[in-house]
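As a plain string of letters, each chain reads:
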Amino acid sequence: MNVVATQGSADFLSQLQQLHDEKQDWIFGHLNYDCKNLLEPKLTTTLPANTGFPLFHFFIPETVCYINSEQTVLTVETIGDPKLIYEAICKSDDVPFKSPIPKVQFTKAIEKDEYIDTIATLRKHIADGDCYEINFCNKGFCEKAEVIPLQVFHALNVLSPAPFAAFYRLHDQYMMCTSPERYLRKAGSKILSQPIKGTARRDIDKTRDDQIKETLRMDIKERAENVMIVDLVRNDLARCCEVGSVEVEELFGIYSFPQVHQMISTVSGTLRAEVPFTDAIRHSFPMGSMTGAPKFKVMQLIDKYERSARGLFSGTLGYITPTGDFDLNVVIRSLFYNAATGYLSYQAGGAITYDSDADREWEEMCLKAWALERIFS
């Protein structure tokens, strides 16, 4: 068994643990957002899905290449001849695309008036005590796009290089991801999560950019959103970590990326020795930064008010090492392409609290969408 894949098996994480225990090899793959329905059987999803990625897919690759943190050594691990792999890398063209990216016109699943009305409805849910923060997303799509996925990924990463970017193909399905967010990392017995909550645009003028950055740092609403998710992550990790080991290493850190400033916090804990490493995923997925809190209720509300299934968006992609460490991203700032149908899409949104201003939330969603759409204009 070199692949674990499912469209509906509740045992998928046990199968992944078994695959690693047996092979002790590199494993790569993804969890679709709707794996939530397998982890919590009382949840369901009736929204339409178009990207085509299965709920869950992990595999042992034939070749793994990686560079050390000092960027001085390239290691090639393969079932074949590593020298041939290295030679192929050296011969590859840095920019193999001869024609420009075609123009694409995206349609938003929820237009501005409905988006603002929905935020008002969500604020009422918060006022009624149903929840206190909910991540609400919108989809942009084009139904008959003809693009070269690798070219799209290259263009995105030239404009918005990100620490958790990924190009991922599974049959006719492609993901071009420029995510800045880590979902979960395991190094030895240490589990670490770095939720992002809080976004502000960059400015070409350094003085104004510094002002925007400082405004984000001190923004009461953004800090409230962030600390709510930090508390949720602490509770999630406490379910699989040693008692008393969960701590907030950094609260309200401000990090700058090419298009936006982000507020990022860091939460860590020590995984209990007797539990499988997949329990860290089992007890924390989907990540709180993409749901809100309390998690079960807001996932119900997300299915009620969003217009399409999230699919791989707000799921995770990553790898497990032969020793059982892993690093998983949060799938955001991503384009999804189904080459069989030509369906090209993305999703973007933000956290809604009672203090949310609907126009500002629309603008934040559009800012995140623009960062993906602009390469097609």
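Residues numbered from 1 in each chain as written. Predicted model: local features only at pLDDT ≥ 70, side-chain atom pairs only at ≥ 80, totals over all residues. Heavy atoms only, no water.

Let's talk about the nonpolar core
With 50 residues, the main nonpolar core has Phe-56, Met-175, Ile-281 and Phe-326 as its most contacted residues. No other element matches the five residues that helix H7 (residues 220-238) contributes to this core. (Core = buried A, V, L, I, M, F, W, Y, C linked by side-chain atoms within 4.5 Å. Buried < 20%, exposed > 50% of the residue type's maximum accessible area, 1.4 Å probe, protein only. Helix = DSSP H or I, 4+ residues; strand = E, 2+ residues; numbered from the N terminus.)

Focus: the layout of surface pockets
Of the pockets and cavities examined, the largest pocket occupies roughly 650 Å³. Lining the largest pocket are 17 residues; nearest its centre among them are Phe-28, Ala-165, Ala-166, Phe-167 and Leu-317. Those elements giving two or more residues to the lining of the largest pocket turn out to be strand E2 (27-31), strand E8 (164-170), strand E16 (316-320) and strand E17 (326-329). The biggest single contributor to the lining of the largest pocket is E8, with five residues. Lining the second largest pocket are Trp-26, Phe-28, Thr-63, Val-64, Cys-65, Tyr-66, Ile-67, Asn-68, Ser-69, Gln-71 and Tyr-319. It is strand E4 (residues 63-67) that contributes the most residues to the lining of the second largest pocket, five residues altogether. (1 Å grid on protein atoms, 1.4 Å probe; cavity = no way out; pocket = protein on both sides within 12 Å on 5 of 7 lines; lining within 4 Å. Points joined across faces, edges and corners; volume = space filled by probe spheres on them.)

Some words on the pattern of salt bridges
Counted by the stated rule, this structure contains 23 salt bridges. Note that Asp-209 and Arg-202 form a salt bridge whose closest N and O atoms lie 2.8 Å from each other. Given a relative accessible area of 29%, Arg-202 falls into the partly exposed group. A salt bridge links Asp-210 to Lys-206; the shortest N-O distance between them is 2.8 Å. With a gap of four residues between them, Asp-210 and Lys-206 both fall in helix H6 (residues 206-218), about one helical turn apart. Here the residues in one salt-bridge network are Asp-34, Lys-36 and Asp-303, joined through shared partners. (Salt bridge = Lys/Arg side-chain N within 4 Å of Asp/Glu carboxyl O.)

Focus: the packing of aromatic side chains
For the structure shown, the criterion picks out 16 aromatic pairs. With 6.0 Å between their ring centres and 5° between their planes, Phe-141 and Tyr-343 make a pair best called stacked. On the criterion of sequence distance, the pair formed by Phe-141 in strand E7 (residues 133-142) and Tyr-343 in strand E19 (residues 343-352) is long-range, its members being 202 residues apart. Of the two residues, Phe-141 and Tyr-343, both sit in the buried class. What links up through ring pairs into an aromatic cluster is the set Trp-26, Phe-28, Tyr-66 and Tyr-319. Just above the ring of Tyr-33 sits the side chain of Arg-310; from NZ or CZ to the centre is 4.8 Å. (Phe/Tyr/Trp six-rings, centres within 6.5 Å; stacked < 30°, edge-to-face > 60°. Lys NZ or Arg CZ within 6 Å of the ring centre and 35° of its normal.)

Looking at the pairing of strand E5 (residues 74-78)
As paired elements, E4 and E5 share five bridges and run antiparallel to each other. If you follow Ile-67 over to E5, its bridge partner there is Leu-74. Where E4 folds back onto E5 in an antiparallel hairpin, the turn is made up of six residues, including Gln-71, whose phi is positive at roughly 60°. (Pairing = 2+ DSSP bridges.)

Focus on the pairing of strand E14 (residues 260-270)
The element E14 is largely enclosed, with a buried count of 10 among its 11 residues. Pairing geometry for strand E11 (residues 190-194) and E14, over four bridges, is antiparallel. By the bridge assignment, Lys-190 is partnered in E14 with Thr-270. Relative to E14, strand E12 (residues 196-201) runs antiparallel, the two being bridged by four bridges. Bridge pairing links Ala-200 to His-261 in E14. Taken together, the seven bridges between strand E13 (residues 247-256) and E14 define a ladder with antiparallel strand orientation. Bridge pairing in E14 places Ser-256 opposite His-261.

Brief notes about helix H4 (residues 112-127)
Taking 1.5 Å of rise per residue, 16 residues should cover 22 Å, and H4 covers 23 Å from first to last C-alpha, within 8% of that figure. Here H4 has its buried residues at Tyr-115, Thr-118, Ile-119, Leu-122, His-125 and Ile-126. Looking straight down H4, one finds its buried side chains confined to an arc of 110°; they lie on one side. Across H4 from its buried face, at more than 90 degrees, point the exposed residues Asp-113, Asp-117, Lys-124 and Ala-127. Among the structural elements, E7, helix H9 (295-305), E19 and helix H10 (358-373) are those in contact with the buried residues of H4. Of the residues flanking the end of H4, it is Gly-129, one or two places downstream, whose phi is positive at about 90°. (Expected span 1.5 Å × (residues − 1). Arc of directions from axis to C-beta. Contact = heavy atoms within 4.5 Å.)

Looking at the side chain of Glu-364
Turning to its location among the elements, Glu-364 is positioned in helix H10. Setting aside chain neighbours within four positions, we find Glu-364 in contact with Thr-199, Gly-349 and Gly-350.

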